[in-house]
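# Geometric and topological summary
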Amino acid sequence: MAIPMPMVQDIRRLDRQGLSRAEIARLLHVDRGTVAKYADMRDCSPRPKTDRRYGSKIDPYTHLVDSWLEADRLMPRKQRHTIKRVHERLLAETDYDGEYSTTLRYVHRWREANRSGADQQGFLRLDWRAGSMQVDFGLARAVIAGGQTDVHCLVVSLPWSNMRLCVALPGENAECLCHGLMLVFEHIGGVPPLVVMDNATGAGHRNAKGEVTLTDVFAAFVAHHRLEVRFCNPYSGNEKGSVENAVGFLRRNIMVPPLHAESYEQLSRLMLERCDELAAESYCPRLMDVPVTQVFAEERASLMPLPSTVFDPVRWQTRMADKYGLVDIDSNQYLAGACHARSRVLAAIRWDTVTLTSPAAGEFLAEYPRLYGKSNSVEDPVLVLPQLALKPRAWRESTIRPDIPDDIRGWLDSMDDKTLRESLKAIAYACQAAGFEPVMQACDEILAHNRNMGLHADTLTPIALRMRDGDWQYPGAIDEPDLSDYDRFITSSSHTDNNQEAER
């Protein structure tokens with residue numbers, strides 16, 4: 001057993017003064033052998049501590065733990081045993097009754113002794129030049145238009161100043177990526193000369209050799225803004241550690257609790273405003289007493305100016321409509337109209353909308369909010385109503401039936417085939433002229449004041465056009481003018497009273 005260093009000093013000092021070993025032992029209350037050991041020691045230089053364990057409760061099970069950890073080498077990184085999971089399996093599958101700390105120490109020793117070559121390479125400190133930008137996506141929960149949604153947050157970081165910004169997007173495709181970067185460029189008032197990304201998601205496709213081919217939309221975006229783009233090696237997020245940290249930092253400081261907004265545009269504005277506030281409150285790692293906002297003001301000089309023309313991140317695709325007039329885009333279906341069934345349709349695909357046109361004549365067909373996910377479909381009632389007018393018996397099974405307000409739907413259900421055909425035809429004609437929503441409002445007003453009047457194109461269309469233009473007052477709802485004062489002025493009051501008595 002080792003003794004304290006001050007006692008070693010006393011033993012050697014008393015031995016130098018000529019005291020016997022027995023006398024030194026009595027004075028210091030130690031064994032004579034201990035006195036002899038330290039008095040005769042030739043080298044008192046410090047030595048590293050050695051592992052003096054004589055056994056552990058985990059020793060009988062080390063072969064089992066080793067097999068689990070060896071098998072983990074063939075598994076994805078996020079599907080390997082944690083120390084907690086190793087301890088749980090030992091307790092559940094064996095008679096092991098050791099503490100978690102015992103398991104923790106053993107797994108740490110095993111991993112240190114069996115580190116792979118990649119883990120032994122270490123990391124290099126990087127010095128990013130001013131104006132360089134790192135880009136990454138992160139997922140967060142937000143409330144948009146009253147519903148909880150998983151939002152794809154495009155996060156950017158400028159390592160030189162540690163400026164961190166993020167915007168909200170519905171996906172991670174090329175159109176969303178370009179739109180999000182344009183929001184950031186406009187917010188900071190310039191374009192970074194270098195953009196570093198961790199992988200090719202949304203920007204391109206990586207082949208087996210690791211080479212990246214940019215998508216057409218992102219390639220045009222890079223050329224438009226005169227950017228230099230670099231991609232990190234696969235599974236090498238450390239090559240852009242600034243934005244990796246920014247993803248977690250902004251998610252914790254902005255999205256907790258979840259933000260509420262009516263649209264992705266409003267949510268992005270809220271996030272950028274909060275990012276500016278955080279930049280004013282935090283300090284640059286290179287200059288611990290200088291706010292990020294102040295350092296970023298200097299970095300702006302390294303940004304390129306914004307292009308004079310705004311880039312349109314749109315993907316053009318020609319698709320063949322099926323027999324129903326539906327066009328498949330990214331595994332979702334959009335209605336081009338029954339009259340365009342089995343014909344080619346040109347689609348302009350943006351981050352938030354899909355616009356369908358006729359490739360031959362350039363005729364506008366429809367525009368829809370872009371759907372995300374798979375196997376979803378969307379239809380414009382204006383395109384379905386003409387077909388329903390020709391086939392009124394399909395009304396009760398029509399896919400646009402839920403889009404019709406309850407009162408109008410109930411009235412149509414109560415009509416005979418002839419009236420239903422005429423009413424659907426009138427609604428379809430009015431929709432072509434004024435749009436679906438104004439027509440539904442006009443139908444509601446007409447049926448509310450005179451249900452027996454019915455729906456006819458010659459009355460429905462003018463009313464719908466007036467409502468579309470802001471004149472919401474339906475003529476049937478206007479009270480007739482009060483002419484009593486005029487009558488009193490023309491005739492005597494007594495004559496008026498006699499007329500009133502006769503009328504009674």
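For clarity, every value in this text was computed on a predicted model and none was experimentally measured. (Residues numbered from 1 in each chain as written. Predicted model: local features only at pLDDT ≥ 70, side-chain atom pairs only at ≥ 80, totals over all residues. Heavy atoms only, no water.)

### A look at the overall build of the protein chain
A count of helical and extended segments in the protein chain gives 18 helices and 17 strands. Split into buried and exposed, the 504 residues of the protein chain put 40% on the buried side. For the protein chain, the exposed area adds up to about 30000 Å²; of that, 51% sits on carbon and sulfur atoms. (Helix = DSSP H or I, 4+ residues; strand = E, 2+ residues; numbered from the N terminus. Buried < 20%, exposed > 50% of the residue type's maximum accessible area, 1.4 Å probe, protein only. Areas by Shrake-Rupley, 256 points an atom, 1.4 Å probe, with all protein chains shown as cover.)

### Let's talk about the pattern of salt bridges
Using the criterion set out here, one finds 22 salt bridges in the structure. Taking the shortest distance from any N to any O, the salt bridge between Arg13 and Asp10 comes out at 3.1 Å. Within this pair, Arg13 and its partner Asp10 are both found in helix α1 (residues 5-16), separated by three residues, close to a single helical turn. Under the relative-accessibility criterion, Arg13 is labelled partly exposed at 37%. Overall, Asp10 belongs to the partly exposed group, its relative accessible area being 26%. We note a salt bridge from Glu175 to Arg315, for which the minimum N-O separation is 3.0 Å. Taken together, the residues span a long stretch of sequence, with Glu175 in helix α7 (residues 174-188) and Arg315 in strand β11 (residues 315-320) at a distance of 140 residues. Arg315 matches Glu175 in its accessibility class, with the two residues each being buried. In the salt-bridge network here, residues are joined through shared partners; they are Glu175, Arg315, Asp330 and Arg370. (Salt bridge = Lys/Arg side-chain N within 4 Å of Asp/Glu carboxyl O.)

### Considerations on the sheet that holds strand β16 (residues 364-369)
With antiparallel pairing, four strands are arranged side by side in an open sheet as β11-β14-β15-β16. Strands at the two margins of the open sheet, each flanked by one partner only, are β11 and β16. For this sheet, the mean inter-axis angle between neighbouring strands, taken without regard to orientation, is 20°. Where strand β15 (residues 353-357) and β16 come together, five bridges link them in antiparallel fashion. Pairing of Leu356 across the sheet is with Ala366, part of β16. (Pairing = 2+ DSSP bridges. Axes fitted to C-alpha atoms, helices over the stretch in contact; angles between N-to-C directions.)

### Remarks on the packing of α7 against helix α8 (residues 216-225)
Close contact between α7 and α8 brings their axes to 9 Å; oriented N to C, the two are set at 25°. By the angle class used here, α7 and α8 are roughly parallel. Here α7 contributes Ala174, Glu175, Leu177, Cys178, Leu181, Met182 and Phe185 to the contact with α8, which in turn contributes Val217, Phe218, Phe221 and His225. (Parallel < 35°, antiparallel > 145°, perpendicular 65-115°, else oblique. Contact = heavy atoms within 4.5 Å.)

### Examining the confidence of the model for the protein chain
The pLDDT averaged across the protein chain works out to 86; a share of 88% of its residues lies at or above 70. Below a pLDDT of 50 lies the segment residues 476-480, which in the model reaches three contacts outside its immediate sequence neighbourhood of four places, other chains included. (pLDDT = per-residue confidence, 0-100.)

### Details of the side chain of Glu299
Of note, Glu299 is situated in helix α11 (residues 292-299). Of the polar contacts made by the side chain of Glu299, one reaches the backbone nitrogen of Gly131; its length is 2.9 Å. Once you skip the residues sitting within four places of it in the chain, Glu299 turns out to touch Ala130, Gly131, Ser132, Leu158, Trp160 and Ser161. (Polar contact = N/O pair within 3.5 Å; in protein donor to acceptor, adjacent residues only side chain to side chain.)

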